[in-house]
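Descriptive analysis of the structure
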Amino acid sequence: MKKPENLSTEVWQQIEASIYSSNKIAAIKAYREATNSGLKESKDIIEQIAVEMKKEHPEKFVAQKSGCGATLLLFSLLPILYYLYH
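This structure is a prediction, so every number in the text was calculated from the model and none was measured. (Residues numbered from 1 in each chain as written. Predicted model: local features only at pLDDT ≥ 70, side-chain atom pairs only at ≥ 80, totals over all residues. Heavy atoms only, no water.)

Considerations on the pattern of salt bridges
Inclusion rule: When a carboxyl oxygen of Asp or Glu is within 4 Å of a side-chain nitrogen of Lys or Arg, the pair counts as a salt bridge. Here a helix means four or more residues in a row that DSSP labels H or I, a strand means two or more in a row labelled E, and each is numbered from the N terminus.
Within the structure shown, the criterion is met by two salt bridges. For Lys40, the salt bridge goes to Asp44, with nearest N and O atoms at 3.1 Å. In this pair, Lys40 and Asp44 both sit in helix H3 (residues 39-56), four residues apart, roughly one turn of the helix.

Comments concerning the nonpolar core
Buried together is how nonpolar side chains tend to be arranged in soluble globular proteins. Basically, it comes down to this: By nonpolar core is meant a set of buried Ala, Val, Leu, Ile, Met, Phe, Trp, Tyr and Cys residues that side-chain atoms within 4.5 Å join together. Exposure is judged per residue with a 1.4 Å probe applied to protein chains only, and the accessible area is read against the type maximum: over 50% gives exposed, under 20% gives buried, and values in between give partly exposed.
Counting residues in each nonpolar core, the largest one holds 15 residues, and the members touching the most others are Leu7, Ile15, Ile19, Ile46, Ile49 and Met53. Taken together, the elements giving at least two residues each to this core come down to helix H1 (9-20), helix H2 (24-35) and H3. The element best represented in this core is H1, accounting for five residues.

Observations regarding the environment of Lys54
Within the secondary structure, Lys54 sits in helix H3. On the basis of relative accessibility, which here comes to 49%, the residue Lys54 falls in the partly exposed class. As a C-alpha pair, Lys54 and Ser76 span 22 residues in sequence and 37 Å in three-dimensional space.

Looking at H1
Defined as follows: One less than the number of residues in a helix, times 1.5 Å, gives the span that helix is expected to have. Contacts are residue-level and defined by heavy atoms, with any inter-residue pair within 4.5 Å sufficient.
Taking 1.5 Å of rise per residue, 12 residues should cover 16 Å, and H1 covers 16 Å from first to last C-alpha, within 8% of that figure. Looking at the buried positions of H1, the neighbouring elements they touch are H2 and H3. Residue Ser22 follows H1 closely and has a positive phi angle near 65 degrees.

Concerning unusual backbone geometry
The phi torsion at Ser22 lies on the positive side, around 65 degrees, for a residue other than glycine. Its location among the elements puts Ser22 in the loop between H1 and H2. Given a relative accessible area of 31%, Ser22 falls into the partly exposed group.

Right under this line is the structure:
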């Protein structure tokens, strides 16, 4: 996606990095601060940018981890730890 004209290169890079890492809140905040736009307008624009970026470069998006693996590991180890220490 091409950088909007009303944003500096630095802000655009920050927005891109935030969107690629699935942190749209940071992207919205950066856009609002740079353009003095309202929350709804900024959210709508960032959503539109994110959709276009996902179409152009889906491989760059970081998959969000749910943390289920660590939770399952912890709960599977608890009975063993309880047995060992009691």
